[in-house]
Amino acid sequence: MATESSGGHPKAAQQAPDPINRPLETSTISLDEAQELVHIGTWQWDVATGDISWSDELYRIYGLKPGKKAIGFEEFIQLIHPEDRERVSGLIGEAYQSKRSFEFEHRIMLPNKKIRILEGKGKVVMDNAGNVVRMFGTSQDITERKKADQALYRSNERFHAVSAATNDVVYDIDLQDGSIWFNDVLCNEYKYPEQDSVYPRGWRVDHIHPGDRQRIKRSIAALLRSQDKTWAEEYRFQKHDGTYTDVRDRALVLRDSSGKPTRIIGSMLDITQQKDLERAKDRFISLVSHQLRTPLTSMRLLTEMLAIGYTEQLTEAQQDYIQKIESSTERMIKLVNEILDVSNIESGRLHTHLASEDIRTLITGQIEEIAPLTAERDTHIVYNPAEEPQTLTIDSVLFSQIVHNLLTNAIRYTLEKGTTVHVSFEKADEKYVLAVSDQGIGIPEESWPHIFTSFYRANNAIKTQGDGSGLGLYLTKLILDMTGGDIWFESEQGKGSTFYVSLPSDGMHHVQEGASLA
Ligand code: ADP
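Residues numbered from 1 in each chain as written. Predicted model: local features only at pLDDT ≥ 70, side-chain atom pairs only at ≥ 80, totals over all residues. Heavy atoms only, no water.

Visitor: How should I be thinking about the overall build of the protein in this particular structure?
Guide: Of the regular secondary structure elements, the protein holds 16 helices and 18 strands. Taking 518 residues into account, the globule formula puts the C-alpha radius of gyration at 24 Å, and the protein, at 41 Å, lies well above it. Taken along the three principal axes of its C-alpha coordinates, the protein extends 140 × 75 × 40 Å. Across the 518 residues that make up the protein, the buried fraction comes to 38%. Look at the contacts in the protein between residues 6 or more apart in sequence, and 56% of them connect residues 24 or more apart. Charge centroids of the protein, computed over 58 positive and 77 negative side chains, lie 6 Å from each other. (Helix = DSSP H or I, 4+ residues; strand = E, 2+ residues; numbered from the N terminus. Rg over C-alpha atoms; globule rule 2.2 N^0.38 Å. Buried < 20%, exposed > 50% of the residue type's maximum accessible area, 1.4 Å probe, protein only. Contact = heavy atoms within 4.5 Å. Lys, Arg positive; Asp, Glu negative; His and termini not counted. Charge placed at Lys NZ, Arg CZ, Asp CG, Glu CD.)

Visitor: What is the right way to look at the packing of helix H11 (residues 316–346) against helix H16 (residues 472–483) in this model?
Guide: Helix packing geometry: the angle between the two helix axes and the distance between the axes. At a minimum axis distance of 10 Å, the contact between H11 and H16 shows a crossing angle of 30 degrees. Between H11 and H16, the angle falls in the class roughly parallel. Our pair here, H11 against H16, has a crossing hand that is left-handed. Taking contact as the criterion, the partners of Glu338, Asp341, Val342, Ile345 and Glu346 in H11 are, on H16, Gly472, Tyr474, Leu475, Leu478, Ile479 and Met482. For the contact of H11 with H16, the class distribution of residues is seven nonpolar, one polar and three charged. (Axes fitted to C-alpha atoms, helices over the stretch in contact; angles between N-to-C directions. Parallel < 35°, antiparallel > 145°, perpendicular 65-115°, else oblique. Left-handed = near helix turned anticlockwise from the far one by under 90°. Nonpolar A, V, L, I, M, F, W, Y, C, P; charged D, E, K, R; others polar.)

Visitor: What exactly am I supposed to notice about the packing of helix H14 (residues 396–412) against H16 here?
Guide: Two elements in contact, H14 and H16, have axes separated by 10 Å at closest approach and are oriented at 150 degrees. Put simply, H14 runs roughly antiparallel to H16. The hand of the H14/H16 crossing is left-handed. Here Leu398, Gln401, Ile402, Asn405, Leu406 and Asn409 of H14 lie close against H16, whose contacting residues are Gly472, Leu473, Leu475, Thr476, Ile479 and Leu480. The class makeup of the residues in the contact of H14 with H16 is seven nonpolar, five polar and no charged.

Visitor: Help me understand unusual backbone geometry, please; the structure alone is not making it clear to me.
Guide: Generally, phi is negative for residues other than glycine and the peptide bonds are trans, each holding for most cases. For Asp378, which is not a glycine, the phi torsion comes out positive at approximately 55 degrees. Tracing the backbone through its elements, the reader meets Asp378 in the loop between helix H13 (371–377) and strand S13 (380–383). You can call Asp378 partly exposed: its relative accessible area is 49%. At Asp429, a residue that is not glycine, the phi angle is positive and equals roughly 50 degrees. Counting through the fold element by element, Asp429 comes out in the loop between strand S15 (420–428) and strand S16 (431–437).

Visitor: Got a minute to help me understand the environment of Gly41 in this structure?
Guide: Here Gly41 lies in strand S1 (residues 40–46). A sequence separation of 16 residues divides Gly41 from Glu57, and the C-alpha atoms of the two residues are 4.8 Å apart. Once you skip the residues sitting within four places of it in the chain, Gly41 turns out to touch Gln35, Ser55, Glu57, Leu58, Ile61, Gly137, Thr138 and Ser139.

Visitor: Looking at this structure, I do not really get the site of the ligand. What am I missing?
Guide: Residues in close proximity to the ligand total 20 residues, the closest being Asn409, Tyr413, Arg457, Ser469 and Leu473. At 2.7 Å, a backbone N or O of Leu473 approaches an oxygen atom of the ligand. Here Ser497 contributes a side-chain N or O atom positioned 3.4 Å from a nitrogen atom of the ligand. In isolation the ligand offers 530 Å² of accessible surface; the protein chains occlude 99% of this area. Listing elements by their share of the shell around the ligand, those giving two or more residues are H14, H16 and strand S18 (496–504). It is H14 that contributes the most residues to the shell around the ligand, three residues altogether. Of the residues in the shell around the ligand, the class split is 10 nonpolar, seven polar and three charged. (Near = heavy atom within 4 Å. Polar contact = N/O pair within 3.5 Å; in protein donor to acceptor, adjacent residues only side chain to side chain. Areas by Shrake-Rupley, 256 points an atom, 1.4 Å probe, with all protein chains shown as cover.)

Visitor: How do you make sense of the nonpolar core when you look at a structure like this?
Guide: In this structure, Ile363, Phe399, Leu406, Leu407, Val423 and Phe499 are the most contacted members of the largest nonpolar core, which totals 44 residues. Looking at this core, the element that brings in the most residues is H14, giving eight residues. Contacts of Leu406, omitting those with residues within four sequence positions, involve Leu434, Val436, Leu473, Ile487, Phe499 and Val501. (Core = buried A, V, L, I, M, F, W, Y, C linked by side-chain atoms within 4.5 Å.)

Visitor: Is there a simple way to think about the pairing of strand S4 (residues 115–126) in this case?
Guide: Side-chain positions along a regular strand alternate between the two faces of the sheet. In terms of strand pairing, strand S3 (residues 102–109) meets S4 through eight bridges, oriented antiparallel. Directly across from Phe104, in S4, lies its bridge partner Gly120. Connecting S3 to the antiparallel partner S4 that follows it, the hairpin turn spans five residues, and Lys113 within it adopts a positive phi of roughly 75 degrees. Across nine bridges, the pairing between S4 and strand S5 (residues 132–141) is antiparallel. The partner of Gly122 across the bridge, within S5, is Gly137. (Pairing = 2+ DSSP bridges.)

Visitor: For this particular structure, what's the right way to read the sheet that holds strand S11 (residues 261–270)?
Guide: Working definition: the strands of a sheet are paired by backbone hydrogen bonds and lie parallel or antiparallel to each other. Pairing in this open sheet of six strands is antiparallel, and the strands run S8-S7-S6-S11-S10-S9 from one edge to the other. What marks the edges here is a single partner per strand, and that holds for strand S8 (198–199) and strand S9 (230–238). Bridge analysis of S9 against strand S10 (residues 244–255) gives nine bridges, and the strand direction is antiparallel. Directly across from Tyr235, in S10, lies its bridge partner Val247. This element, helix H9 (residues 210–225), spans S9, S10 and S11 of the sheet and lies at about 160 degrees to S9. Along the sheet, helix H10 (residues 272–309) contacts S9, S10 and S11; its crossing angle with S10, the most-contacted strand, is approximately 120 degrees.

Visitor: Where do I start with H11 in this structure?
Guide: Because an α-helix completes one turn every 3.6 residues, residues spaced three or four positions apart along the sequence face the same direction. Between the first and last C-alpha of H11 there are 45 Å, a value that for 31 residues agrees with the 45 Å anticipated at 1.5 Å per step. Among all positions of H11, only Ile322, Thr329, Ile333, Val336, Glu338, Leu340, Val342, Ser343 and Ile345 are buried. For H11, the elements touching its buried residues are H10 and H16. Following H11 by one or two positions, Gly348 adopts a phi angle in the positive range, close to 85 degrees. (Expected span 1.5 Å × (residues − 1).)

Visitor: Where do I start with the sheet that holds strand S2 (residues 52–54) in this structure?
Guide: As summarised here, the arrangement of the five strands in space is S2-S1-S5-S4-S3, forming an open sheet in which the pairing is antiparallel. Taken across any chain shown, the strands that pair with only one partner, and hence form the sheet edges, are S2 and S3. Sheet twist, expressed as the mean angle between neighbouring strand axes with direction ignored, is 25 degrees. Pairing of S1 with S2 involves three bridges; the strand directions are antiparallel. Across the sheet, the residue bridging to Gln44 is Ser53, located in S2.

Taken by themselves, the reported measurements are silent on function.
This is the structure:
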């Protein structure tokens, strides 16, 4: 078999032994193989004879064919990068004179003009009389390592430059030991004594306002459980003098190859001024709305009294005017209430009062409440409540408000009289879904993306139904966003719309105190 094999491959016997299949006794690698593996070449200079010898790997490092011809010192210097030649020859000369070992980095230029970086090390050998007889050394190609070092250096430099240039507190949490590094802003702006400092585990959380701390702790725990890369929260952070600053914290989570979080790097932006403005705006809206509501309520009461008590004395035209004043007042009260609701929710003053409620009762209640509007439009509402009670944990006021908005929209945005609005509430795919569908004007396609935006009204609605604020659906979406629900719709212009609201199977979620949508 062996004869056949070598006969089939006549050159096999002359080839270098295969290092993998080599018999055990000869399996130690040769010096040449070792040099090739680590990209280290060796050289030797016999001072007495003037002979210079290079290892094969050194030739390869210099882009030359191994062993082609001996390289003399002058020829060697020509292979060095022109800018480094003088320095290299000076260093070697100095080593020869001082008889000391040497070590330096230099560049070389390959025949193909590519530049590589080498690390050279050398030793001087002397005879008994102290004369130099031999010099030898190694050269290693460190180009890739240098590039990696430079890239790392640059990115470190960039990180420190950004940290120094910004007014934000920049931090870097090591999740292994919990330690946290802060840039100098913590010292300069927040007046903590140490610059460029590292604080122990828990220090940051301990300096979050007690009213925000639990919320932030839960939020961080949820972040670490998830696969999310980014995180953002607003909270109050304590300065060294004990006062608090409103901050917006945005962070990035770094993970290892298995997805385990290893570091959190983030920045805290001081938003005190913005928060003060927001608070002033909220106070202003709240004040104005309350001030407006009182005279409006009196106006409504007085016009109602006028309409009922003086029917006989009033002319038809006067009665018509009173009716118009009444409906305008009603619209203004609705608008003021909606603005107040939005302001309350956006600034985190929405409080949920969750309780187990029978959905059928709440929907029926709303249908009864809008009976005057239904009668005016001659609308037929079809709602077939389930036979069994449909109990769910919800905030009955918020849920009723949602049903009210959808029902009144379905009726108001249907011009034709005598149409039908269908209402249903069913469990589908682990959620509860409320559906309200009408045969009205529908929503033009170009308006679909904007329907849940504040103050947005579609063109066909503005033309046909003057009394709208564009706040009802925005408000509904805010409520659902904060309580774990969702809202969407299907619509065809001129044919009708169906609005869907989904609630989690365990009902509405509790809104964290102070949670703000802003
Ligand atoms: P408003 O009804 O006060 O304008 P909403 O926020 O309730 O405010 O609705 C926003 C807009 O969405 C409406 O102006 C209208 O263009 C559209 N819309 C809402 N419901 C319907 C519906 N059932 N049919 C057609 N358009 C609707």
